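# Architecture at a glance
Spelled out, the chains give:
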Amino acid sequence: DTGVSQDPRHKITKRGQNVTFRCDPISEHNRLYWYRQTLGQGPEFLTYFQNEAQLEKSRLLSDRFSAERPKGSFSTLEIQRTEQGDSAMYLCASSRQLGHYEQYFGPGTRLTVT
Amino acid sequence: AQSVSQHNHHVILSEAASLELGCNYSYGGTVNLFWYVQYPGQHLQLLLKYFSGDPLVKGIKGFEAEFIKSKFSFNLRKPSVQWSDTAEYFCAASQYGNKLVFGAGTILRVKS
């Protein structure tokens, strides 16, 4: 069990640029979640997948955000035309579909928009 | 709307003191409850979880939590804290294996 991995760990970008983050879940987990965390707050849900199907999206996820999980394994989160308010830690988690649904988190990608 | 609230944002304790962190949730129906911990420089780790059955659940590192349905609470406890327990603690809830809703977190500092 190698854990959830995320890449990159840190990203600094200029306002208006596009960025893409990658998440590799634990191999036998078929659910994958994205959360966003800002300073002093708990993580906030963005979206989740069961296999390749995106089952729920938060209203936090504006049109500039898109997530994919094309083959039901890794996932990407893209932010287009970044804004300073997008600066945050982006967390990925995965879980099994059946049984007790605890989620395991990756180390996160810290995005800074200048 | 579903929500989770944590009572204290910052707690400072001396080593060997007892710890209780409050957590209340606002959900209808069946709820799954969790405590996660984030040590400095590390990612979120599951401390303990409640799905059903015995309302007193034990987790790693001597932590336990009690689910009190009538009070919509899931408080975290530890009889004697150590300096290594310094971390941020998050209470979270979910239904049917869906998204987690987190509280704002409690930063615990243990003085040695």
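In the block above lies the structure referred to throughout.
Computed from a prediction, not measured in an experiment: that's the story for all the values here.

## Quick word on the nonpolar core
For soluble globular proteins, the rule of thumb is that nonpolar side chains tend to be buried together. Grouped together as the largest cluster of nonpolar side chains are 30 residues, with contacts concentrated most on Val 4, Leu 33, Trp 35, Leu 48, Phe 74, Leu 76 and Tyr 89 of chain B. Here the element with the most residues in this core is strand S10 (residues 87-94) of chain B; it accounts for four residues. When neighbours within four sequence positions are excluded, Phe 74 of chain B is seen to be in contact with Cys 23, Leu 33, Phe 34, Trp 35, Leu 48, Tyr 50, Val 57, Ala 65, Glu 66, Phe 67 and Cys 91 of chain B. If you look at the next biggest cluster of nonpolar residues, it comprises 19 residues, including Phe 21, Trp 34, Phe 49 and Cys 92 of chain A.

## Concerning the pairing of strand S8 (residues 75-79) of chain A
All names here are of chain A. In S8, alternate side chains face the same way, and those of Ser 75, Leu 77 and Ile 79 are buried while those of Thr 76 and Glu 78 on the opposite face are not. One ladder, built from five bridges, connects strand S3 (residues 19-24) with S8; its direction is antiparallel. Residue pairing across strands places Arg 22 opposite Thr 76, the latter belonging to S8. As defined by bridge partners, strand S7 (residues 65-68) adjoins S8 across four bridges and the pair is classed as antiparallel. Among the inter-strand pairings, Phe 65 is bridged to a residue of S8, identified as Ile 79. Linking S7 to S8, which pair antiparallel, is a turn of six residues; within it Gly 72 sits at a positive phi near 75°.

## Regarding the side chain of Ser 58 of chain A
Residues and elements named next belong to chain A. When you line up the elements, Ser 58 lands in the loop between strand S6 (53-57) and S7. Under the relative-accessibility criterion, Ser 58 is labelled buried at 17%. Aside from chain neighbours lying at most four places away, what touches Ser 58 is Phe 45 and Leu 46.

## Quick word on unusual backbone geometry
All names here are of chain A. Of the consecutive residues Asp 7 and Pro 8, the connecting peptide bond is found in the cis state with omega at -5°. If you trace the backbone, Pro 8 turns up in the loop between strand S1 (5-7) and strand S2 (10-13). Although it is not a glycine, Asn 51 adopts a positive phi angle of roughly 55°. For Asn 51, a relative accessible area of 31% puts it in the partly exposed group.

## Considerations on the interface of chain A and chain B
How big an interface is tends to be stated in terms of the accessible area lost upon association of its parts. Facing the 19 residues of chain A at the interface are 19 residues of chain B. A buried area of about 1,600 Å², summed over both sides, lies between chain A and chain B, and 58% of it is on carbon and sulfur atoms. Linking chain A with chain B are two salt bridges. Ionic pairing is found between Lys 99 of chain B and Glu 56 of chain A, a salt bridge with its closest N-O pair at 3.2 Å. On the surface where chain A and chain B come into contact, there are six residue pairs in polar contact (both at pLDDT 80 or more). Here the element with the most residues in the side of chain A that touches chain B is strand S4 (residues 31-37) of chain A; it accounts for four residues. Grouping the constituent residues of the side of chain A that touches chain B by class yields nine nonpolar, seven polar and three charged.

## Considerations on the side chain of Lys 78 of chain B
Residues and elements named next belong to chain B. Along the chain, the position of Lys 78 falls in strand S9 (residues 73-78). Separated by 2.9 Å, the side chains of Lys 78 and Asp 85 make a polar contact. Other than its neighbours up to four places away in sequence, Lys 78 contacts Ala 17, Ser 18, Leu 19, Lys 61, Gly 62, Phe 63 and Asp 85.

## Looking at the state of the cysteines
What the rule picks out here adds up to two disulfides over all chains. Note that Cys 23 of chain A is cross-linked by a disulfide to Cys 92 of chain A, the S-S spacing being 1.8 Å. Residues Cys 23 of chain A and Cys 92 of chain A share a disulfide whose torsion about the S-S bond is about -70°; that sign makes it left-handed. With a gap of 69 residues between them, Cys 23 of chain A in strand S3 and Cys 92 of chain A in strand S9 (residues 88-95) connect regions that are remote in the sequence. Here Cys 92 of chain A falls in the buried class, since its relative accessible area comes to 0%. Here Cys 23 of chain B pairs with Cys 91 of chain B through a disulfide, and the sulfurs are 1.9 Å apart. Its torsion about the S-S bond being -65°, the disulfide of Cys 23 of chain B and Cys 91 of chain B is classed as left-handed. Of the two residues, Cys 23 of chain B sits in strand S4 (residues 23-26) while Cys 91 of chain B sits in strand S10, which places them 68 residues apart along the sequence. Overall, the relative accessible area of 0% leaves Cys 23 of chain B in the buried class.

What counts, and where the lines are drawn
Just so you know, the residues in each chain are numbered from 1, in the order the chain's sequence is written. To label them, take the chains in the order written and letter them from A, then take the ligands in the order written and number them from 1. Given that the model is predicted, a residue must reach a pLDDT of at least 70 before its local features are reported, and side-chain atom pairs must reach 80 or more before they are shown or counted; all residues, however, enter totals for whole chains, interfaces and linings. Only hydrogens and water are set aside; all other atoms, that is, all heavy atoms of the structure, feed into the side-chain values. We define the nonpolar core as a collection of buried residues of types Ala, Val, Leu, Ile, Met, Phe, Trp, Tyr and Cys that are connected through side-chain atoms lying within 4.5 Å of one another. Partly exposed residues are those whose accessible area sits between 20% and 50% of the maximum for their type, while under 20% is buried and over 50% is exposed, using a 1.4 Å probe and protein chains only. A run of H or I in DSSP becomes a helix once it reaches four residues, and a run of E becomes a strand once it reaches two; helices and strands are each numbered from the N terminus. In this description, contact between two residues means that some pair of their heavy atoms is separated by no more than 4.5 Å. Any two strands are treated as partners once DSSP identifies two or more bridges connecting them. Put simply, buried area is the surface a 1.4 Å probe can reach on two separate parts but cannot reach once they are joined, added for both. Each salt bridge in this description consists of a side-chain nitrogen of Lys or Arg and a carboxyl oxygen of Asp or Glu lying within 4 Å of one another. Pairs of N or O atoms are called polar contacts if they sit within 3.5 Å, as long as, within protein, a hydrogen donor faces a hydrogen acceptor (for residues adjacent in sequence, only side-chain-to-side-chain pairs). Charged means Asp, Glu, Lys or Arg here, nonpolar means Ala, Val, Leu, Ile, Met, Phe, Trp, Tyr, Cys or Pro, and polar covers whatever is left, Gly included. Criterion for a disulfide: a pair of cysteine sulfur atoms at a distance within 2.5 Å.

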